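Chain by chain, the residues run as shown.
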Amino acid sequence: MTGIVGAFVEAWAELRIHKTRVLLSLIGVAVAVAALTSVVGLGAITQQATTENYERQSGRPATLIVSAYDPVTGAAPPAAAFSAAFTEVTDRYSVSWTTRSTYTQVFVDFVDGLTPVDTTVVDVDYGTMHRVQLSQGSWFADGDEERLAPALVVNETVWKRLGSPDLRTHPTVTVQGAGNVTAVIVGVTPDLPYNQDYPTMYMLYDSYMAIATPQQVQSIYPQYEAWVPVGISDDLTALIQRDIAGALGDDLQVSVSRQDYLVYQGEDPLLPIKLLVGGVSILVLLLGALGLVNISLVTVRQRIREIGIRRSFGATAGRVFFAVMMESVVAAAAAGVVGVFIAVVVVKNPAVINFIAAGITDVPAFPIEAALLGLGAATFVGALAGLLPALVAVRVKVIDAIRY
Amino acid sequence: MSEARPLLELEGVTRTVELPDDEPLHILRGVNLTVSVGDHVSIVGRSGSGKSTLLNLLGLLDNPTKGEIRFDGKRIADMSANQRDRARGRDVGFIFQQFNLLGGRTALENAMTPLLYASGRQFWRREQIALEMLDRVGLSHRAQSMPEKLSGGEQQRVAIARALVRGPRLILADEPTGALDVETGASVMALLDEVAHSSGAALITITHDANIAALARQHYRLDRGVLAPVDVNRVLALAQPEVTL
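Residues numbered from 1 in each chain as written. Chains lettered and ligands numbered in written order. Predicted model: local features only at pLDDT ≥ 70, side-chain atom pairs only at ≥ 80, totals over all residues. Heavy atoms only, no water.

**Re the packing of helix H2 (residues 19-58) of chain A against helix H12 (residues 317-347) of chain A**
Geometrically, a packed helix pair is captured by the angle between its two axes and the distance between the axes. All names here are of chain A. At a minimum axis separation of 7 Å, H2 and H12 run at an interaxial angle of 40°. The angle between H2 and H12 places the two elements in the oblique class. With respect to the hand of their crossing, H2 and H12 are arranged in right-handed fashion. Taking contact as the criterion, the partners of Val-22, Leu-26, Val-29, Ala-30, Val-33, Ala-34, Thr-37, Ser-38, Gly-41, Leu-42 and Ile-45 in H2 are, on H12, Ala-331, Ala-332, Ala-335, Gly-336, Val-338, Gly-339, Val-340, Ile-342, Ala-343, Val-346 and Val-347. In the contact of H2 with H12, the residues fall into 17 nonpolar, five polar and no charged. (Axes fitted to C-alpha atoms, helices over the stretch in contact; angles between N-to-C directions. Helix = DSSP H or I, 4+ residues; strand = E, 2+ residues; numbered from the N terminus. Parallel < 35°, antiparallel > 145°, perpendicular 65-115°, else oblique. Left-handed = near helix turned anticlockwise from the far one by under 90°. Contact = heavy atoms within 4.5 Å. Nonpolar A, V, L, I, M, F, W, Y, C, P; charged D, E, K, R; others polar.)

Given below as structure tokens:
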């Protein structure tokens, strides 16, 4: 115990005394660690942004898409029958998260006239299943489909065109269906970076069906989605397909498939960039290590007398080896801490996040694995750089070192 | 020779170095020496007489080619390198000609250095022990001074405090006054003798200076690898300018 504490005390005293030399030798290590850690940290953010984007488009894993059609005519089954079959089957397998979704256009009465707005018609669960983020207000709640004034979740473009009303005042807007209907805006979604100034909104399926014209009702073919655990998604795919096919009859072809990003995701799309920057970082780290070895070797040669003195006072060869090694490890680890700190500052900088992952809603916490990787790499480099000087140190001939 | 229990015994110790393409170099030839607790021994010798090699062996830093060294009754040859290192740290205190204080560290930190290799109470109380030892050599008021701010005599007193913090039973002083003027050298030797005597440690002084050697109670001369007792009067005579060692 005292041996280990003593070695740390010695190493720390050496670093304190030679702080300028140590600082200079460690700049390379700190920069490399900062780069390496930043790559991992920024990679996590980019990954999260990509994932969110995928989840908004095709649902969270595992999202099963259920559809049916007549293989001869290509016609869809009656909506009511399909809806009943889907509800019954998903209830049977205790699937808690389901939604219908379809796309249509609804005319909204803005001050400059009626304008068609792309509308995603969904059920309440869609918000969670597709990770819909709101900049203000709230997503639909159970029972909203029964409102006489249908609820709307609009994007910021629509909200601004309506004069950016305060949602606490329950702002309304007239939409056109079978007649003019007053709708209430309950939430606002941020504009997507690739879809700026383009009006879109969400409306509940049952609300839309209540205001739609008979022709619109006839022409709507919703997509049915179920969010199920990834582990049992394959089994559920087969069971749901079999049961709905049974419920709708043999004439119809029922298809159940996963379309979330995990199904298609083979190789990490960011892998080439990660490898490139990671490779450069490792190269910088090795150069830093070389500098550290170089300076450590020179320093050890200058310190031969001191090592001899320590040996004369009972420092064993192992202790001298450990102490010289520890100096390098402690110094490199300290550089690692600095490097990780720089990386945190870079990765958590809002300007950097906006640059690499515009539109991200859930900015992930700084990944612990990135910090550990940085510290681990620094410590490893320190041990590597300390090895050679430590071997030189234990070969010092004590009396010769002291006397000459 | 002393009647007390032997601390260090050298019997027929020879140290030979094999040289490539040349005859082996016999540095020490059949050295016999017995040092007991409380002894004060001086060894004089010219440069190249084998003093460094003998210091290596006395300080448990090397093994003889032939012969036997026993420390506290134990054969050095039977001890592992680590055991020798630990025994050296515990029982041997070194004092050097150039003081060899560690740069960038205060007098107190220098005096504490050997205690970094101690264990238990000595390790955890190292600062207090070092302060007490600095006080004993009259330097408690300079504890926070850097070596370069101390005079030669003060530096050597810090070195003495450093050599004694672990309570060694053998003190090896290698040219302890070589870098000091005559007056300071005499006062440092008086202090060293007093501290060694009061702590009951054996003191071996290796020196060129016959006056310093004469302060010891047993006197030896090392000449071409052969160690032989020498009379104190002969040592003093050697101190005269016309006599060479």
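On we go from here.
**Comments concerning the pattern of salt bridges**
Evaluated as defined, the whole model comprises 22 salt bridges over all chains. One salt bridge connects Arg310(A) with Glu306(A), and the closest N-O pair in it is separated by 3.1 Å. Of this pair, Arg310(A) and Glu306(A) both sit in helix H11 (residues 304-312), four residues apart, which is roughly one turn of that helix. You can call Arg310(A) buried: its relative accessible area is 7%. In this structure, a network of salt bridges that share partners links the residues Glu9(B), Glu11(B), Glu68(B), Arg70(B), Arg75(B) and Asp78(B). (Salt bridge = Lys/Arg side-chain N within 4 Å of Asp/Glu carboxyl O. Buried < 20%, exposed > 50% of the residue type's maximum accessible area, 1.4 Å probe, protein only.)

**Some words on the interface of chain A and chain B**
In this complex, chain A contributes 25 residues to the contact, which on the side of chain B involves 33 residues. Across the contact surface, chain A and chain B share two salt bridges. The salt bridge partner of Arg105(B) is Glu306(A), with a shortest N-O separation of 4.0 Å. The interface formed by chain A and chain B holds five residue pairs in polar contact (both at pLDDT 80 or more) in total. (Polar contact = N/O pair within 3.5 Å; in protein donor to acceptor, adjacent residues only side chain to side chain.)

**Description of the sheet that holds strand E2 (residues 25-36) of chain B**
All names here are of chain B. Read from one edge to the other, the open sheet built from four strands follows the order E2-E1-E4-E5, with strand pairing classed as antiparallel. Bordering the open sheet on either side are E2 and strand E5 (74-75), each of which pairs with just one other strand. As paired strands, strand E1 (residues 6-17) and E2 are joined by eight bridges and run antiparallel to one another. Looking at the pairing, Leu-10 lines up with Leu-33 of E2. Of the strands in this sheet, E1, E2 and strand E4 (66-71) are in contact with helix H1 (residues 51-58), which crosses E2 at around 50°. (Pairing = 2+ DSSP bridges.)

**Here we look at the sheet that holds strand E6 (residues 92-95) of chain B**
All names here are of chain B. The six strands are arranged E6-E7-E8-E3-E9-E10 in an open sheet whose pairing can be described as mixed. In this open sheet, the two edge strands, each paired with only one partner strand, are E6 and strand E10 (226-229). Looking at each pair of strands side by side, their axes are set apart by 20° on average, direction ignored. Sheet topology note: the strand E7 (residues 170-174)/strand E8 (residues 202-207) ladder contains five bridges and is parallel. When the sheet's bridge partners are listed, Ile-171 is paired in E8 with Leu-203. With respect to the sheet, helix H7 (residues 182-199) is in contact with strand E3 (40-45), E6, E7 and E8, its orientation differing from that of E8 by roughly 155°.

**Details of the nonpolar core**
Core analysis: the largest hydrophobic core is formed by 49 residues, its most contacted members being Leu8(B), Leu10(B), Ile43(B), Leu54(B), Leu58(B), Leu170(B) and Ile204(B). With residues near it in sequence (within four places) discarded, Ile43(B) still touches Leu33(B), Leu54(B), Leu58(B), Ile204(B), Thr205(B), Ile206(B), Thr207(B), Tyr220(B), Leu222(B) and Leu227(B). (Core = buried A, V, L, I, M, F, W, Y, C linked by side-chain atoms within 4.5 Å.)

**Things to note about the domain arrangement of chain A**
Domain annotation of chain A identifies domain 1 (2-55 + 268-403), domain 2 (61-95 + 230-259) and domain 3 (96-227). For domain 1 of chain A versus domain 3 of chain A, the separation of C-alpha centres amounts to 53 Å. (Domains from an automatic or database assignment.)

**Topic: the packing of H2(A) against helix H14 (residues 368-394) of chain A**
All names here are of chain A. At a minimum axis distance of 8 Å, the contact between H2 and H14 shows a crossing angle of 150°. With respect to their mutual orientation, H2 and H14 come out roughly antiparallel. Relative to H14, the crossing made by H2 is right-handed. Contacts between H2 and H14 involve Val-29, Val-33, Leu-36, Thr-37, Val-40 and Gly-41 from the first element and Ala-370, Ala-371, Leu-373, Gly-374, Ala-377, Ala-378 and Val-381 from the second. A breakdown of the residues in the contact of H2 with H14 according to their chemical character gives ten nonpolar, three polar and no charged.

**Describing the pairing of strand E7 (residues 180-189) of chain A**
Within a regular strand, the side chains alternate between the two sheet faces. Residues and elements named next belong to chain A. Along E7, eight of the ten residues are buried, which leaves the element largely enclosed by surrounding structure. In the sheet, strand E4 (residues 136-137) pairs with E7 via two bridges, with the strands oriented antiparallel. Across the sheet, Gly-137 pairs through a bridge with Gly-187, a residue of E7. In this sheet, E7 lies alongside strand E5 (residues 151-155) in parallel orientation, the contact comprising five bridges. Among the inter-strand pairings, Asn-155 is bridged to a residue of E7, identified as Thr-189.

**Some words on helix H8 (residues 233-248) of chain A**
All names here are of chain A. Here H8 spans 22 Å end to end across 16 residues, near enough to the 22 Å set by a 1.5 Å rise per residue. Packed against the buried residues of H8 are strand E1 (63-69), helix H3 (79-92) and strand E10 (253-258). The first or second residue beyond H8 is Gly-249, which carries a positive phi of 100°. (Expected span 1.5 Å × (residues − 1).)

**Some details on the environment of Arg169(B)**
Residues and elements named next belong to chain B. Among the secondary structure elements, Arg-169 is positioned in the loop between helix H6 (152-164) and E7. For Arg-169, a relative accessible area of 24% corresponds to the partly exposed category. Measuring from C-alpha to C-alpha, the distance between Arg-169 and Arg-136 comes to 18 Å, with 33 residues separating the pair along the chain. The contacts of Arg-169, once residues within four sequence positions are left out, are Arg-5, Leu-7, Phe-71, Asp-72, Asp-91, Ala-201 and Ala-202. A polar contact of 2.8 Å, which involves the side chain of Arg-169, links it to the side chain of Asp-72.

**A closer look at a nonpolar patch on the surface**
Residue and element names in this part refer to chain A. Taken together, the side chains of Val-338, Phe-341, Ile-342, Val-345 and Val-346 make up a nonpolar region of the molecular surface, amounting to roughly 420 Å² of accessible area. Tracing the sequence through the fold places Val-345 in helix H12. A relative accessible area of 45% means that Val-345 is categorised as partly exposed. (Patch = residues over 30% accessible without salt bridge, like charges linked within 9 Å, V, L, I, M, F, W, Y side chains within 5 Å. Areas by Shrake-Rupley, 256 points an atom, 1.4 Å probe, with all protein chains shown as cover.)

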